[in-house]
Each structure stands twice: as structure tokens, then as C-alpha cells.
Amino acid sequence: FPSNLRYEDLVITRSKSLQVKPRLDASTLKFGAVYTDHMLQASWKDGLGWSAPSIDPLGSISLHPCAQVLHYGVECFEGMKVYKGKDGQLRLFRPEMNMDRLARSAARLTLPQFDKLELLECIKELVRVERDWVPDEEGFSVYIRPTMIGTHPFLGVSPTREAMLYVILSPVGPYFPSGLKPIKLYVETENVRAFPGGVGDNKIGGNYATTILPQLRASHMGCSQVLYVLQDGMSEGGLVGESGSMNMFFLIRQEGEDGELELVTPPLDGLILPGVTRDTVIKLAQGFRDIKVSERPLHFDEVERASETGRLLEVFGTGTACMIQPVMSLTKKDHTEIKIPFNADAAKYWLAKPPGTGFTLNSFMEEPFSLCGR
Ligand code: COI
């Protein structure tokens, strides 16, 4: 094993049988159900470092049944996207933020560190190999899923001594089957996603595994996702957190005759995933003339009060997978609903027409990368 993960060591083996590309139709292309023909992989061993990375035909991986990931959930991942512009060029969206977050999640799980720029170069090479998969239709992209797992076959709960890093690609449209139409959220006050001192601010698989059951219950209430509200003892309603796969934003008009518009999102206090789209929306909205952006604790009582007095103007979630997802209502345990009135155009508003500025989320896209690889 050479000790560092290095782009110059990358070995490419092309698949002999390429799949037929799916039709890009939001109603049939289910998020995360179709994968491209190749994957990137590398393995790591304590004392030896990283193997030469390789791009190979997509295939199953073989693990010892005692591999740490299978018993203790030693796994972290990222979600990134590559887009094809109208100019035919490929662009990644703020990929350095994903590399930083992957390294941070890996450190939390004692998974190995890696050279972030070298991994990014390897991912770009994978995208070059799969360039024909990148859609040019608006709203579609290729979702990139870097994943790291602890593979050491050992049942003792101990630091990782062997690991595997792999990256798969999936052509995607909207995350929710309803597309970018506003969704309903269920206000979840019994199960928590994150807690002080926990790992809610890391992108690790375990954080998502435990959200599936609450989400299933929410779907029985007619809701697409849950909004986690933590009972912190500070208010009756509890502290607003995030949704299963999204950071949350609330546009509230403050009280008083000339109440200012405030875009509120919970702060990065250890309970919230530092989302790339979250950060982008904050930076973008800071450029709006008429909106104050606040990263501050938000209690559900305030959301309810704002709704009762007609001051709750928008609620939306952000995430790489879901992009910017408008929310139409918040359903409480007693089945009462908080309706959010002016949200039908939220996606258009935030994505394409920020008032007072000439730029959109696209302005955060990195420069196109060269299609000439190796
Ligand atoms: C993402 O937005 O990239 C995520 O990882 C969320 C996941 C639940 C699809």
C-alpha cells in the first residue's frame, strides 16, 4: 500500500457491458434507485495506509461477517451533486465542503483520514468516466455518494484498523416523489434525531437509520417527512431541529407594524448537520436587502405564534438530495395542522429569483472541470 490516497495511483478498468440509461422523468426516476456503470474504491490498513484507488465496474463488495460496519455501524458518507450546464460543461457544487465534512465524520468514527484534494480528483475522474450519465435537463443531476466503512473483522468495540472508501453515482431528479411541490411535515416530539453531546452534526449512517421508523409513522399521518422538535425543558413546544434529510428554514415577519422579515435556521450547536445547501442559502439570503438572516435557537412556540398571527410566511428544507423543498404544513401529534400560506413558489423564489441580487445558488458552483482526464 502506498501510504496516501493519490490520484496519480488511480487505476481504471472499464466495464464491458454498459447499461441503458434511464429515461429522465421525475415521475419514474426514483431517487437513488439507479446507479451508473462504475465505482471508485480504495482500501486502508492501519500501518500501511491507503491502497492505490481504482475505478472498476460497479459490483458487490465482499465483507467478513465480523466487519465493524456490520455490527457497530462504523460508517459515514457524503452527498454531492454534479450538474451539466447549458454550455455542456460539468460542475460540482462546493465539493470542498463535502470533503471537509467527510474527513470530520471519519475522524469521529476513528475511520482514516485522506488527502481531500486527491480524493476529489479521483471523484472527478469517476465522473469523467461516467460523463454520459450526467443529465442536462433542469432539475436533474448525478448524485455522488462517497462512503467509508470500517471493515476490520473484529467484534471488540475498538478503533478502526481496516477500512474501505467507495464512491457510487446515481442519476437523480427530485428527492421526494411529489417533486418540488410543497410537502407536509409531521412534528416529531417523542423520538429525537440528535441530542447534546451526540453525533447529530456528523454525516454517519446511524443518524439516518433511526429516522426511518418515525418517518414511517409520519407517512401514516399523510406527511412526507418529520420535523424533529427536541423537548429541551425551555419551552412548551420544544426546540426546532431539522428534518430527516433536510436542514430547516423559517421565514417569519417579526411583530410590530414594520416588523422585519427574518429568515431563521437553527444554529450549528452540535445538533444540526452543517449542510452545504444550508450554508449556501444563508450566504445567498445575507445578500438580500430586506431579509435578516438568523442562525439562532427557534422554539416551536414561536413558530405557532407566528402562524396564528399570519407572520409565518415560508418554511422550507434544504439538502443536497432534496435541494430546496417547500413545506406546506406542519402536522402535530393531535392531528392539528399549521398551514403555511405563501409557499407554492418557494422553490422558484429561492432558486431563481432572489430579490435584490443578481445571483442564484448556481453562483456557488465550482468552475467547470476539464473532461480530459487520463
Ligand atoms: C443528502 O441530502 O445528500 C443526504 O445525504 C440526505 C439523504 C437522506 C438522501
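The preceding data block contains the structure.
What you see is a predicted model; the values in this text were computed from it and never measured.

J.: Now, about the overall build of the chain: what can you tell me, with residues and values included?
T.: Summing up its helical and strand segments, the chain has eight helices and 18 strands in all. In summary, the chain has a C-alpha radius of gyration of 21 Å against a globular reference of 21 Å for 374 residues, a match within 12%. Counting only C-alpha atoms, the chain reaches 65 × 50 × 35 Å along its principal axes. Looking at the chain residue by residue over its 374 residues, the buried ones come to 39%.

J.: Summarise the site of the ligand; cite the residues concerned and give the values.
T.: If you check the shell around the ligand, you find Gly79, Tyr208, Ser245, Gly319, Thr320 and Ala321 and nothing else. Grouping the constituent residues of the shell around the ligand by class yields two nonpolar, four polar and no charged.

J.: Mind laying out the environment of Leu239, listing which residues take part and the relevant values?
T.: Among the structural elements, Leu239 can be located in strand S12 (residues 239–243). By C-beta crowding, Leu239 is classed as partly exposed, having 19 other C-beta atoms within 10 Å. Between the alpha carbons of Leu239 and Thr189 there is a distance of 9.4 Å; along the sequence they are 50 residues apart.

J.: Any details on the pairing of strand S11 (residues 225–230)? Residues and values, ideally.
T.: Of all the six residues making up S11, six are buried; the element is thus mostly covered by neighbouring parts of the structure. Burial along S11 is two-sided: Gln225, Leu227 and Val229 and Val226, Tyr228 and Leu230, pointing in opposite directions, are all buried. Taken together, the four bridges between strand S10 (residues 183–188) and S11 define a ladder with parallel strand orientation. In the sheet register, Tyr186 faces S11, and the bridge partner there is Val226.

J.: If you had to explain unusual backbone geometry to someone new, which residues and values would you point to?
T.: Phi is positive for Arg94, which is not a glycine, with a value near 45°. Locating Arg94 in the fold gives a position in the loop between strand S7 (90–92) and helix H2 (95–108). Since 18 C-beta atoms lie within 10 Å of it, Arg94 is described here as partly exposed. One non-glycine residue, Met323, adopts positive backbone phi at about 60°. Here Met323 lies in strand S17 (residues 323–331).

J.: Which residues make up the environment of Leu251, and what values do they have?
T.: For Leu251, the position within the fold is in strand S13 (residues 247–253). Taking the number of C-beta atoms within 10 Å as the measure of exposure, Leu251 has 23 and is therefore buried. Once residues within four sequence positions are removed from consideration, Leu251 is found in contact with Leu261, Leu263, Leu313 and Glu314.

J.: Talk me through the nonpolar core; I want residue IDs and the actual numbers.
T.: Ile123, Leu126 and Ile144 are the most contacted members of the largest nonpolar core, which has 43 residues in total. Looking at this core, the elements that each hand over two or more residues are strand S2 (38–45), strand S6 (80–84), H2, helix H3 (116–129), strand S8 (141–150) and strand S9 (162–172). Among the elements that line this core, the one with the most residues is H3, at seven residues. Excluding its chain neighbours within four sequence positions, the residues that come into contact with Leu126 are His38, Leu40, Ile55, Val167 and Leu169. Cys223, Val240, Met248 and Leu263 belong to the second-largest nonpolar core, a separate cluster that totals 35 residues.

J.: Kindly report on the pairing of S13, identifying the contributing residues and their values.
T.: Burial of S13 is extensive: six of the seven residues sit out of reach of the surface. Of the pairings in the sheet, the one linking S13 to strand S16 (residues 312–319) comprises six bridges and is antiparallel in character. Residue pairing in the sheet places Ile252 in a bridge with Leu312 of S16. Where S13 lies against strand S14 (residues 261–265), four bridges are found, and the strand directions are antiparallel. By the bridge assignment for S14, Arg253 is matched with Leu261.

Here is what the cut-offs are and how they apply
- Residue numbers restart at each chain and count upward from 1, following the sequence in its written direction.
- Local features in a predicted model are, by the rule used here, given only for residues with pLDDT of at least 70; side-chain atom pairs are given and counted only at 80 or more, and totals for whole chains, interfaces and linings are based on all residues.
- In DSSP terms, a helix is any run of H or I states spanning at least four residues, a strand is any run of E spanning at least two, and both are numbered starting from the N terminus.
- Here the radius of gyration uses the C-alpha set of atoms, whereas the globule reference equals 2.2 Å times the residue count to the power 0.38.
- Field definition: a residue is buried when 20 or more other C-beta atoms are found within 10 Å of its C-beta, exposed when 12 or fewer are, and partly exposed for counts in between, with C-beta atoms placed from the backbone.
- Only the C-beta atom matters for nearness: placed from the backbone, it must lie within 6 Å of the molecule or strand for the residue to count as near.
- In this count, Pro and Cys sit with the nonpolar residues alongside Ala, Val, Leu, Ile, Met, Phe, Trp and Tyr, while Asp, Glu, Lys and Arg are called charged and the others, Gly among them, polar.
- Two strands pair under a simple rule: DSSP has to find at least two bridges between them.
- C-beta atoms are first placed from the backbone for all residues, and any pair lying within 7 Å is then listed as a contact.
- For this entry, the nonpolar core is defined as buried Ala, Val, Leu, Ile, Met, Phe, Trp, Tyr and Cys residues connected by C-beta atoms within 7 Å.

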